[in-house]
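# Reading the structure
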Amino acid sequence: MDGKVVVVTGAGSGIGRELAREAARRGARLALSDIDPDGLARTVELARGDGATEVHSQRLDVTEQAMVAEYAGKVAEHYGVVHLVINNAGIAFTGAVERSAYKDIARVMDVDYWGVVHGTKEFLPHLIASGDGHLVNISSIFAFLSVPTQNAYNAAKAAVQQFTESLRMEMLAAGHPVDVTCVHPGGIKTAVARSAGAAEGLDSADFATIFDTKFARTEASAAARVILDGVERRRPRVLVGVDAHVLDALVRLFPAGYQKATVAASRRFGVV
């Protein structure tokens, strides 16, 4: 990764911040973005402390296709090349389908799915032109393990998985010099659950507390190392955390049975 230009969206906190820092330690030149300018500025400061000598940063709303297109052009113009793009920006929302407003479901899809589509399509020509490109889209274990009250997030992350795997096959079929990786983190210690929205009458803090205390076992810094190790090995699929590997196997073995167990666990924890 030494000398490569690495783009990370959602770099203002969590996994995105740690990806930026780990890439800096590996000698990358960085292009970082986030919708939160203060969080982004802090990440830039930390990345420079980790050895980054070149950092391009810009506030970015990944739901705005025109803004992402302009941003991709600026990064390519600034560095002259783009090698690795990590579409990481994402949000969460808690609420049963019957109680969730259309606008709340749409917001999750706009950020978590369309943000990935925008980042992919706008940077893909630059990755192909590099002759050694790599695209990484951050999905989730929730792409294959559904959880009550997380229907919008489940749907968005499943869409990211299928979009990414389809793109990988297209790159192989076309003979383009672009590797494609889909990442499925398990429970990672970030603020995504604590900052999630919730349907009317619900408190997202309840789900966040359960997630943080029962399921978030992997530090974001460790997740970043696993992800970038997978990138350097050109892996098409990266599972992050022991829980991700266990749950992946569980769903494969019991595609319907796991659902009853998940409902029972959700009731015990007071999620439903």
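An account of the accompanying structure is given in this report. This one's a predicted model, so the numbers in the text were calculated from it and none came from an experiment. (Residues numbered from 1 in each chain as written. Predicted model: local features only at pLDDT ≥ 70, side-chain atom pairs only at ≥ 80, totals over all residues. Heavy atoms only, no water.)

### Let's talk about the sheet that holds strand S7 (residues 178–185)
How we decide: Strands are treated as partners if at least two bridges between them are detected by DSSP. The numbering of helices and of strands both runs from the N terminus, where a helix is a DSSP run of H or I of at least 4 residues and a strand a run of E of at least 2. In this analysis an axis means a line fitted to C-alpha atoms, helices contributing only their contacting stretch, and an angle means the value between N-to-C directions, from 0 to 180 degrees. Contacts are residue-level and defined by heavy atoms, with any inter-residue pair within 4.5 Å sufficient.
Read from one edge of the open sheet, seven strands run S3-S2-S1-S4-S6-S7-S11, paired in parallel fashion. Pairing within the sheet leaves two strands with one partner each, and these edge strands are strand S3 (55–59) and strand S11 (237–240). On average, each strand axis in the sheet is tilted by 15° relative to the strand beside it, whichever way the strands run. Alignment of strand S2 (residues 29–34) against S3, held across five bridges, turns out to be parallel. Within S3, the residue paired with aspartate 34 across the bridge is arginine 59. Packed onto the sheet, helix H5 (residues 151–174) meets strand S6 (133–138) and S7 and runs at close to 160° relative to S7.

### A few points about the pattern of salt bridges
In plain terms, the rule: In what follows, salt bridge is the name for a side-chain nitrogen of Lys or Arg lying within 4 Å of a carboxyl oxygen of Asp or Glu. When accessible area is computed with a 1.4 Å probe and restricted to protein chains, residues below 20% of their type maximum are described as buried, those above 50% as exposed, and intermediate ones as partly exposed.
Going through the model one piece at a time under the given rule, you end up with 14 salt bridges. For glutamate 45, the salt bridge is made with arginine 42, and the minimal N-O distance between the two is 3.1 Å. Note that glutamate 45 and arginine 42 are positioned in helix H2 (residues 37–49) at a spacing of three residues, about one turn of the helix. Among the residues examined, arginine 42 registers a relative accessible area of 38% and is labelled partly exposed. One salt-bridge network, in which partners are shared between bridges, spans Arg21, Glu22, Arg25, Arg26, Asp50, Asp229 and Glu232.

### Concerning unusual backbone geometry
Positive phi values are uncommon outside glycine, yet threonine 149 reaches one of about 75°. Topologically, threonine 149 is positioned in the loop between S6 and H5. At arginine 234, a position not held by glycine, the phi torsion is positive, near 60°. With respect to the helices, strands and loops of the structure, arginine 234 is situated in the loop between helix H7 (220–232) and S11.

### Some words on the packing of aromatic side chains
Both the distance between ring centres and the angle between the ring planes are used here to describe each pair of aromatic rings. What counts is decided by this rule: Centres within 6.5 Å are what make two rings of Phe, Tyr or Trp a pair, Trp counting through its six-membered ring; a difference in plane orientation under 30 degrees is then read as stacked, over 60 as edge-to-face, and the rest as tilted.
Inspection of the entire model under this criterion finds four aromatic pairs. Here the aromatic rings of tyrosine 113 and tryptophan 114 are separated by 5.4 Å at their centres, their planes lie at 65°, and the arrangement is edge-to-face. Given the relative accessible area of 41%, tryptophan 114 is considered partly exposed. Between the aromatic rings of tyrosine 113 and phenylalanine 163, the centroid separation amounts to 6.1 Å while the plane-to-plane angle is 85°, which identifies the pairing as edge-to-face. Of this pair, tyrosine 113 sits in helix H4 (residues 102–130) while phenylalanine 163 sits in helix H5, and the two are 50 residues apart along the sequence. Given a relative accessible area of 17%, tyrosine 113 falls into the buried group. An aromatic cluster of three or more residues is present, and its members are Tyr113, Trp114 and Phe163.

### Some details on helix H8 (residues 242–253)
Because each turn of an α-helix spans 3.6 residues, side chains separated by three or four positions in sequence point in the same direction. The condition is simple: One less than the number of residues in a helix, times 1.5 Å, gives the span that helix is expected to have. Think of it as the arc spanned by the lines of direction from the helix axis to the C-beta atoms.
Across its 12 residues, H8 extends 17 Å between first and last C-alpha, which sits within 8% of the 16 Å expected from 1.5 Å per residue. Those residues of H8 not exposed but buried are Ala244, Asp248 and Val251. The buried side chains of H8 occupy one side of the element, clustering within an arc of 70° when seen end-on. Exposed and oriented more than 90 degrees from the buried face of H8 are Val242, Val246 and Leu253. Packing partners of the buried residues in H8 comprise S7, S11 and helix H9 (257–269).

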